[in-house]
Every structure is written in structure tokens, then in C-alpha cells.
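Residues per chain, in single letters:
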Amino acid sequence: MSTVSVRYIVEDVDAAIAFYKDALGFALGMHPAPSFAMLKKGDLRLLLNGTTGPGGASQPMPDGRRPAPGGWNRIQLEVANIEDEVERLRAAGARFRNEIVTGIGGKQVLVDDPAGNPVELFQPSGN
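In this text the structure is predicted, and so the values were computed from the model without any measurement.

Here we take up the overall build of the protein. The secondary structure content of the protein amounts to 2 helices and 9 strands. Starting at the N terminus, the α and β elements of the protein follow one another as β-α-β-β-β-β-α-β-β-β-β. A compact globule built from 127 residues should have a C-alpha radius of gyration of about 14 Å, and the protein, at 15 Å, falls within 12% of that. Each principal axis of the C-alpha atoms in the protein carries an extent, and together these give about 45 × 30 × 30 Å. Classification of the 127 residues of the protein by burial places 39% in the buried group. Pairs at least 24 residues apart make up 50% of the contacts formed inside the protein by residues separated by at least 6 positions. In the form shown here, the protein has an accessible surface area of approximately 7,100 Å², with 53% of it arising from carbon and sulfur atoms.

Below, the structure written as C-alpha cells:
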């Protein structure tokens, strides 16, 4: 699989870097400006853009709407033991949208990054 890039809009790039590095194990690839950073985990490249700045991702749309964090689209990170991950992240102060739910394919839970972008932690059935 080739690298996949996902862009998240965040209000505080430094807070988002700390969350993704310290809580979720991403590596910082670059942080060339206060309003942009690139992190990597496996084949996932996560681009973090602030809501203000000179970058294209923070520019308003023709109808005046501005990029903002949040919503329901998300990245999914597979974990070996979801209960342990939730406990570890809660102890670190992470905010969750829900409790762990079990579905046909496994268990999942949504944790918000500091800007309110959701990250799905997923434990496949059989793990």
C-alpha cells in the first residue's frame, strides 16, 4: 500500500502535534510553520492545518465558509486491546464521544483530538 494522506483542520497545531505524537504514537515529519505540520504513522501521513495562516487549507471557500475542525469523517487506527487504549487515553485527559461499542467486525470508540476531530480506535473481532 502506498502512503495515504489525510488533512485535518485544527485550531492549535502544537496541541494537535502533542496529541498525535504522545497519545497515538505518530512521528513528526515536519513543522515548518505555526499553522502546518505533517505527521506519519505507518502508511498514513496526517497533515495538520490551522484555521488561520497563509496555507491554502485555511483559505475561505467562494461562498465565505471557512475550514473548521470537527464533523464525523475520521481516520481509523487499529489497536490490539481497545480497553487498555481507552484507559490509557482517559488517564491522559483525552475526550471520548462515546463508550466502546461492539459491532459485526469488532469494537470501536471515538476519541477527539484537541480541536474536536474524531479518531476511531478499532479492535477487530478475534483480537
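After presenting the structure, the write-up continues.
Quick look at helix 2 (residues 82-91) now. All buried positions along helix 2 are accounted for by Ile82, Val86 and Leu89. The arc that holds every buried residue of helix 2, seen down its axis, measures 70 degrees, which confines them to one face. Opposite the buried face of helix 2, by more than 90 degrees, sit the exposed residues Glu87 and Ala91. Among the structural elements, helix 1 (13-23), strand 6 (95-96), strand 8 (106-112) and strand 9 (118-124) are those in contact with the buried residues of helix 2. Sitting at the amino-terminal end of helix 2 is Asn81, which places a side-chain oxygen 3.2 Å from the backbone nitrogen of Glu83.

Attention now goes to the environment of Pro69. Relative to the helices and strands, Pro69 is located in the loop between strand 4 (44-50) and strand 5 (75-78). Expressed as a C-alpha distance, the spacing of Pro69 and Ile82, which sit 13 residues apart in the sequence, is 25 Å.

Rules and cut-offs
Residues numbered from 1 in each chain as written. Predicted model: local features only at pLDDT ≥ 70, side-chain atom pairs only at ≥ 80, totals over all residues. Heavy atoms only, no water. Helix = DSSP H or I, 4+ residues; strand = E, 2+ residues; numbered from the N terminus. Rg over C-alpha atoms; globule rule 2.2 N^0.38 Å. Buried < 20%, exposed > 50% of the residue type's maximum accessible area, 1.4 Å probe, protein only. Contact = heavy atoms within 4.5 Å. Areas by Shrake-Rupley, 256 points an atom, 1.4 Å probe, with all protein chains shown as cover. Arc of directions from axis to C-beta. Polar contact = N/O pair within 3.5 Å; in protein donor to acceptor, adjacent residues only side chain to side chain.

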